[in-house]
Amino acid sequence: MLKYSLMRLARSVLTLVILITVIFILLRQMPVEGYFTNFEKMSPTAIDVGLRKLGLKDPLHIQIGRYFLKLLQGDFGVSFRYRVNYPIAQLIWPKMLVSMKFGLTSMVLSLPLGMALGVLMVRGKGRLADKLGNAYIVFIEAVPNAVYFIFIQLYGSSWFDLSILYKAEEWTSMILPVISLALPSISGYAMWLRRYMVDEMNKDYIKLARAKGVPSSAIWFRHVFRNSVVPMVNLIPGSLLLTISGSIYVESLYSVPGMGGLLVDVIKRQDNYMVLALIVIFSSLSILGLLLGDLLMGVVDPRISFAKKEGSR
Amino acid sequence: MSSKYSLQEKLSRKLQNSVESGVNASFGGKDDLSAEEITVLDPGLFASAGYDEKEAERGGYSNYSYWRSTVRMFMKNRMAVAMLATMLALLVFTFIQPLLPNQFKANTVNYYASDAVWITVDEQAKMTVGGVKLTKGDYPVQPAREELIAYIRVPESWGVPFVSVQAAGQEEADAIPLEPVPDENNEGWFYVVVPKETPCMVVKSANGEKTTFHKAAWITVDEATRGVTSSTVMLTAGPIVADGPEGTVPVYVQTPASWGAPKMTAATILRGDKGVEVQLTPDPANEGWYYAFVPVDKVMLTILSEDGSVKGANKGVVRAADPTEIKPVVGFISNMKPDDIFWFGTNDIGQDLWARMWAGTRTSLLIGIIVAAINAFVGIVIGLLWGYIRKLDFIFTELYNIVNNIPTTIILILASYIMRPSIPTIIVAMCITGWISLARFIRNLVIIIRDRDFNLASRCLGTPTRRIVVKNLLPQMVSVIMLRMALAIPGAIGSEVFLAYIGLGLPIDIPSLGNLVNKGRSLMMAPSLRYQLFIPAIILSVITICFYLVGNAFADAADPKNHV
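Rules behind the numbers
Residues numbered from 1 in each chain as written. Chains lettered and ligands numbered in written order. Predicted model: local features only at pLDDT ≥ 70, side-chain atom pairs only at ≥ 80, totals over all residues. Heavy atoms only, no water. Helix = DSSP H or I, 4+ residues; strand = E, 2+ residues; numbered from the N terminus. Contact = heavy atoms within 4.5 Å. Areas by Shrake-Rupley, 256 points an atom, 1.4 Å probe, with all protein chains shown as cover. Phe/Tyr/Trp six-rings, centres within 6.5 Å; stacked < 30°, edge-to-face > 60°. Buried < 20%, exposed > 50% of the residue type's maximum accessible area, 1.4 Å probe, protein only. Lys NZ or Arg CZ within 6 Å of the ring centre and 35° of its normal. pLDDT = per-residue confidence, 0-100. Lys, Arg positive; Asp, Glu negative; His and termini not counted. Salt bridge = Lys/Arg side-chain N within 4 Å of Asp/Glu carboxyl O. Polar contact = N/O pair within 3.5 Å; in protein donor to acceptor, adjacent residues only side chain to side chain. Nonpolar A, V, L, I, M, F, W, Y, C, P; charged D, E, K, R; others polar. 1 Å grid on protein atoms, 1.4 Å probe; cavity = no way out; pocket = protein on both sides within 12 Å on 5 of 7 lines; lining within 4 Å. Points joined across faces, edges and corners; volume = space filled by probe spheres on them. Axes fitted to C-alpha atoms, helices over the stretch in contact; angles between N-to-C directions. Left-handed = near helix turned anticlockwise from the far one by under 90°. Parallel < 35°, antiparallel > 145°, perpendicular 65-115°, else oblique. Expected span 1.5 Å × (residues − 1).

J.: Got a sec to walk through the overall build of chain A? Specific residues and values, please.
T.: A tally of helices and strands in chain A yields 12 helices and two strands. Starting at the N terminus, the α and β elements of chain A follow one another as α-α-α-β-β-α-α-α-α-α-α-α-α-α. For chain A, the spread of C-alpha atoms along the three principal axes comes to 85 × 60 × 30 Å. Across chain A, every contact between residues at least 6 apart in sequence was considered, and the portion connecting residues at least 24 apart equals 71%. When the accessible surface of chain A is split by element, carbon and sulfur atoms take 66% of a total near 16400 Å².

Structure below.
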């Protein structure tokens, strides 16, 4: 298992290096005027000096090399547009905490609720609970979430007299954003759990167990549920880690000072090192999330082993 | 030299011997085929039998047809059929909408007509003045330069109204009566021609009981929003309070009960003017109302509660100075609520939302369908290669890891930097990386199916790879591919909404659902303008839900496992 994990990590590092290089090159294609606020009024010399100061005049490979060297020392560099000359790590850290607070709260809420809904739907397959649950899932999956997020904010705040914007000192102002975040993930968990459980239920060993006279509750929880949860477990570390990245819609609607719109914002402002730092963080988290998910699956389900050659299961 | 065997017997003996011994056995001498006999033989006997594609594929004699069963299964799902009908109707309607009569263009800015006004009087005798060109034909008469056509509509119970006009500030007794003429082109409307020097109008019902005349300003303060609504209708139960001093206008005020006795200050429109306090007197005739006489030049009113802690927030909405005049409204027909001319209302610069709605639906569907088609095509081709050809697996997997982590925003910004923001830009930007998830999905499926027994058999029989891919692999995946396609369309529409939301969408002169929803969102804090959010949001949801359900139902129907 250790060897397998190390191998995968090594490959991820390679991927990460290529990814950073590609994005580095892409970012250099951005127009020059994006680096200055008052480009029209600047003389060519001033532009030249400005670009030199940002280190954009050096050959590309030297720029990339310099960046990697700094990254290896754990230094993300400084922001040069978002907040001038402010260390990126210090800029991002508090935002991450805010986004995590929202993400984790909504996950704590949505995981049990989504699973409960999924189980409820399978138990009452074809009946009212299933139909209602399906209608909910279809609605959430089909309608772009911008639309219902707006309505939640609009009517949630007026009907229940909640604050329309997030205020750090008022915990009630977290209710609406957390609900907005939880609704789509509840539907996701319920949908997948229902699908896996239906698949599991139709398997032969369940029929055997039933024929043998195993009590229904034991079949449901010892066999069907436990086996169906395995593929879901795979997703949990990933979504847990990616709570850091926040949600663009929710955070901008409630003006939460989180990570949500940060990436879009810094790309628009051409704050290249901020963009790179965010991409390094997000992609390492998603790679790590996948790896942890696979390992966790091995822990939960003893039949899955990574020690052997891949694909042998 | 002759043999005891005939030619036919020789042949079958030779064949039998050859098969048994495995070599081209020779019988030597007379029993073998002679050279002459070989030339006589039909060469057709030695040609290979040929490969009949149809016969080879025939799996029996059932009349099962995949597509027919799929359609039959689909038809069983009533809900999906209804959705499909809705979807098709919507699709067809978006294209015939511009051809219908009385349509506005999506990007045309509508102005008020300047030589006519439309006045509607409702059951509460409230008079509203609009300025939209509503007449179906031409104007009944051509107004002279100093004249104005006034169209009037009163509740049916009023009968033919009495209309009189007067100059501003004149007594009602001096009013000049006019004869309202029913307008042939617009049922229920009367018109009169008003000289511009007498722009104040009184409309009375046929029996003279109901009057609408602007003389006092009526102001209501709403408890929740503290917003101030004002109207200029004669509403009082008793007679209007005694005439005030010269140069004042009577103003009636109603505030929430919790406010106590309200206070009011009146100021001029100059900025920074603190204003003077005006004495409010409870009106005996109308319970809950207070009245005051406000100087004509001080029309910016602020209404405070008794303790001064809350106040009516909308300063200056009350144009108390002379509310009686009927003037054609000039400028854009902005933020008009849905009515019988603008079916979905207008936006802030007077564009017809009904036309924009359908133009936007067209744009969004176009983007959705093109993006889904391109992504499906590229995704399927690459996914098949990726899954079937082992050597490509590593390259594509690394490519996937990288491309999947590049944020779409970067690509979009670069794309909009290279090209102008337009529909092709959006499509290109969504397609550059959009195919990769479908390709990955197909690849996983191919890997599952690739080494199944029937494929091994095909390979052993020497079926070409292309044929295995097209005939053995693809049909297995039709249902999932259809599902992904159907979901890709609402997905692309959703990403268009997202792009508009983060400010990278289409320019405002190309209406799209994303633009419209986003525009509506920016107005959501004004309750009276929320129709601009609701209408596009509802249409967007209907379209995406239809596609989603139809796609799901079709995928179920296309799965051969369900064709029993």
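J.: Go over the packing of aromatic side chains with me, naming the residues and quoting the values.
T.: Each pair of aromatic rings is reported with the distance of its centres and the angle of its planes. Tallying each qualifying case throughout the model produces 24 aromatic pairs over all chains. Judged by centre distance (6.1 Å) and plane angle (80°), the rings of A:Phe149 and A:Tyr249 are edge-to-face. With A:Phe149 in helix H6 (residues 145–159) and A:Tyr249 in helix H10 (residues 248–253), the pair connects residues that are 100 residues apart, well separated along the chain. Judged on exposure class, the residue A:Phe149 and its partner A:Tyr249 are both buried. Three or more aromatic residues joined by ring pairs make a cluster, and in this case those are A:Phe139, A:Tyr148, A:Phe149, A:Tyr249, B:Phe498 and B:Tyr501. Over the face of the ring belonging to A:Trp192 we find A:Arg195, whose NZ or CZ atom lies 5.0 Å from the ring centre. Directly above the ring of B:Phe441 sits B:Arg484, whose terminal nitrogen or CZ lies 4.3 Å from the centroid.

J.: Explain the confidence of the model for chain A residue by residue, including any values.
T.: The predicted structure's coordinates, where accompanied by low pLDDT, should not be read in detail. Per-residue pLDDT for chain A averages 85, and the proportion of residues at 70 or more is 97%. The low-confidence segment residues 309–313 of chain A, where pLDDT is below 50, has two contacts with residues more than four positions distant or belonging to other chains.

J.: Outline the side chain of B:Asp352, listing residues and values.
T.: Along the chain, B:Asp352 turns up in the loop between strand E17 (300–304) and helix H6 (353–388). The side chain of B:Asp352 is buried and forms no salt bridge, while B:Arg356, the nearest opposite charge, is found at 9.1 Å.

J.: Which residues make up the interface of chain B and chain A, and what are the values?
T.: At the junction of the two partners, chain B supplies 32 residues and chain A supplies 38 residues. Summed over the shared surface of chain B and chain A, the result is zero salt bridges. Between chain B and chain A we count four residue pairs in polar contact (both at pLDDT 80 or more) in total. Secondary structure elements with two or more residues in the side of chain B that touches chain A: helix H7 (390–403), helix H8 (408–418), helix H11 (465–501), helix H12 (513–522) and helix H13 (531–558) of chain B. Its residues placed into classes, the side of chain B that touches chain A shows 22 nonpolar, seven polar and three charged.

J.: Break down empty space enclosed by the protein for me, citing the residues and quoting the values.
T.: Overall, the coordinates contain two cavities of 30 Å³ or more when judged by the stated rule. Reported here for the largest cavity is a volume of approximately 40 Å³. Taken together, A:Ala146, A:Ile150, B:Val497, B:Ala500, B:Tyr501, B:Gly514, B:Val517, B:Asn518 and B:Arg521 form the lining of the largest cavity. Of all the secondary-structure elements, those providing two or more residues to the lining of the largest cavity are H6 of chain A together with H11 and H12 of chain B. Tallying contributions element by element places H12(B) first for the lining of the largest cavity, with four residues. Residue classes in the lining of the largest cavity are distributed as six nonpolar, two polar and one charged.

J.: Give me the lowdown on the pattern of salt bridges, citing residues and values where you can.
T.: Residue and element names in this part refer to chain B. Scanning the entire structure with this criterion turns up 11 salt bridges over all chains. Measuring nitrogen to oxygen at the nearest pair gives 3.4 Å for the salt bridge that ties Arg-390 to Asp-451. Residue Arg-390 is located in helix H7, and its partner Asp-451 is located in the loop between helix H9 (423–450) and helix H10 (453–460); the two are separated by 61 residues in the primary sequence. The exposure class of Arg-390 is exposed, given its relative accessible area of 52%. Classification of Asp-451 as partly exposed rests on a relative accessible area of 37%. With a shortest N-O distance of 3.7 Å, Arg-450 and Asp-451 are connected by a salt bridge.

J.: Tell me about the packing of H6(A) against helix H7 (residues 175–201) of chain A, and please be specific about residues and values.
T.: Any two packed helices are characterised by how steeply their axes cross, that is the angle between the axes, and by the distance between the axes. Residue and element names in this part refer to chain A. In contact at an axis separation of 10 Å, H6 and H7 are set at 145° when each is read in the N-to-C sense. Crossing angle aside, the handedness with which H6 passes H7 is right-handed. Contacts between H6 and H7 involve Tyr-148, Phe-149, Ile-152, Gln-153, Gly-156 and Ser-157 from the former and Leu-176, Ser-180, Leu-183 and Pro-184 from the latter. Considered class by class, the residues forming the contact of H6 with H7 number six nonpolar, four polar and no charged.

J.: Talk me through the environment of B:Val71; I want residue IDs and the actual numbers.
T.: All names here are of chain B. Relative to the elements of secondary structure, Val-71 occurs in helix H4 (residues 66–76). With relative accessibility at 44%, the residue Val-71 sits in the partly exposed group. A sequence separation of 391 residues divides Val-71 from Gly-462, and the C-alpha atoms of the two residues are 34 Å apart.

J.: Tell me what's going on with the packing of H7(A) against helix H9 (residues 216–241) of chain A, and back it up with residues and numbers.
T.: All names here are of chain A. The interhelical angle for the contact between H7 and H9, taken along N-to-C directions, is 140°, at an axis separation of 9 Å. Here H7 is positioned oblique relative to H9, judged by the angle of their axes. In this structure, the crossing between H7 and H9 has a hand that is right-handed. When H7 is examined against H9, the residues Tyr-189, Trp-192, Leu-193, Tyr-196, Met-197, Glu-200 and Met-201 are found in contact with a partner set consisting of Trp-220, Val-224, Phe-225, Asn-227, Ser-228, Val-229, Pro-231, Met-232 and Ser-239. When grouped by side-chain class, the residues that make up the contact of H7 with H9 number 12 nonpolar, three polar and one charged.

J.: So, H6(A): which residues are in play, and what are the values?
T.: Residues that lie three or four places apart on an α-helix share one face, since the helix turns once every 3.6 residues. Here H6(A) is 15 residues long and its end C-alpha atoms lie 20 Å apart, about the 21 Å a rise of 1.5 Å per residue gives. Taken together, the buried positions of H6(A) are A:Ala146, A:Val147, A:Tyr148, A:Phe149, A:Ile150, A:Ile152, A:Gln153, A:Leu154, A:Gly156 and A:Ser157.

J.: I'd like a rundown of the confidence of the model for chain B, residues and numbers included.
T.: Residue and element names in this part refer to chain B. Overall, the prediction assigns chain B a mean pLDDT of 77, with 79% of residues at 70 or greater. Counted against residues more than four places away or in other chains, residues 313–324, with its pLDDT under 50, gives 33 contacts. Confidence estimates for the predicted assembly give a pTM of 0.71 and an ipTM of 0.82.

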